[in-house]
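Chains, contacts and geometry: an overview
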Amino acid sequence: MSTPATAARPAAALNARRSFWLKQLHQWHWISAGLSLVGMILFAVTGITLNHAAQIPAEPVTVEQTAVLPAPMLSRLEALGAETTDPLPGAVARWLDGELGVSTAGKPTETIDVEVYVALPAPGGDGWLTIDRATGDVLHEQTTNGWIAYLNDLHKGRNTGVVWAWFIDIFAGACVVFCLTGLALLWLHARGRPSTWPLVGLGLLIPLIIALIFIH
């Protein structure tokens, strides 16, 4: 027959294990919350603005710039050949950056015998640059659609580059950790909170019902 001291040992071990996991889960939960907090607010707000993009007025603003490539820079274009998608020569890209503030380094071109075209898409707008291969005339046009369009494109990862794409992946990972640790904490505390699983189930059922009934 077990004594009270013997029976208390498994309970103490169980409580110690529960305390360990609670501590670990709380730590990972608050760390992932801290990492994803600002990003989650940004993505939640832009989710609303994307959903109502047609109702949000936007005034596109287009800016044009012109320049003429100096003869030494123009001669560098001969290295591109008659038809290619190779980037502009480094010296030409640096000149355009210094003269017009336009970054073309490493970007593919649409080069034909008479013209070089560089697409310059950007979040919240669009842009392009052309160079006349005979005269050296440069025309750059940039269109912006305002801050809402810019933030919406950040949400979609449209024309935002590799670094932002990595940020989205890391942020999404932090959100997954936040949600899974939150689920584990719900499970550990569910015994004392009877409404836990009905609320979790409701969170699953609402989007499921909407998808099955209202989305065709």
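These lines cover the structure that appears in this document, whether it is placed above or below. (Residues numbered from 1 in each chain as written. Predicted model: local features only at pLDDT ≥ 70, side-chain atom pairs only at ≥ 80, totals over all residues. Heavy atoms only, no water.)

**Examining unusual backbone geometry**
For residues that are not glycine, phi is negative in most cases, and the peptide bond is trans in most cases. Under the convention used in this document: Helix and strand definitions follow DSSP, with helices as H or I runs of at least four residues and strands as E runs of at least two, each counted in order from the N terminus. Buried, partly exposed and exposed residues are distinguished by accessible area as a fraction of the type maximum, computed with a 1.4 Å probe on protein chains only: under 20%, between the cut-offs, and over 50%, respectively.
Positive phi, normally seen in glycine, also occurs at Asn159, with a value near 55°. Among the structural elements, Asn159 can be located in the loop between helix H4 (147-156) and helix H5 (161-189). Judged by its relative accessible area of 31%, Asn159 is partly exposed.

**Let's talk about the sheet that holds strand S4 (residues 125-132)**
Spelled out, the test is: Paired strands are those between which DSSP finds at least two bridges. The angle between two axes is taken between their N-to-C directions and runs from 0 to 180 degrees, where each axis is a line fitted to C-alpha atoms and a helix contributes only its stretch in contact. Contacts are residue-level and defined by heavy atoms, with any inter-residue pair within 4.5 Å sufficient.
With antiparallel pairing, 5 strands are arranged side by side in an open sheet as S1-S5-S4-S3-S2. Two strands in the sheet have a free side with no partner beyond their single neighbour: strand S1 (61-68) and strand S2 (109-111). Direction aside, the axes of adjacent strands within the sheet are offset by 15° on average. Relative to strand S5 (residues 137-144), S4 runs antiparallel, the two being bridged by 7 bridges. When the bridges of S5 are listed, Ile131 appears paired with Val138. Most of the contacts of helix H3 (residues 90-100) go to S1, to which it runs at about 120°, and overall it touches S1, S4 and S5.

**A word on the pattern of salt bridges**
Our working definition: We define a salt bridge as a contact between a side-chain nitrogen of Lys or Arg and a carboxyl oxygen of Asp or Glu at a distance within 4 Å.
Scanning the model with the defined rule gives 2 salt bridges in all. With a shortest N-O distance of 3.5 Å, Lys156 and Asp153 are connected by a salt bridge. In this pair, Lys156 and Asp153 both sit in helix H4, 3 residues apart, roughly one turn of the helix. Judged by its relative accessible area of 6%, Asp153 falls in the buried class. The partner of Asp153 in a salt bridge is Arg158, with the nearest N and O atoms 2.8 Å apart. A single salt-bridge network, built from bridges that share partners, covers Asp153, Lys156 and Arg158.

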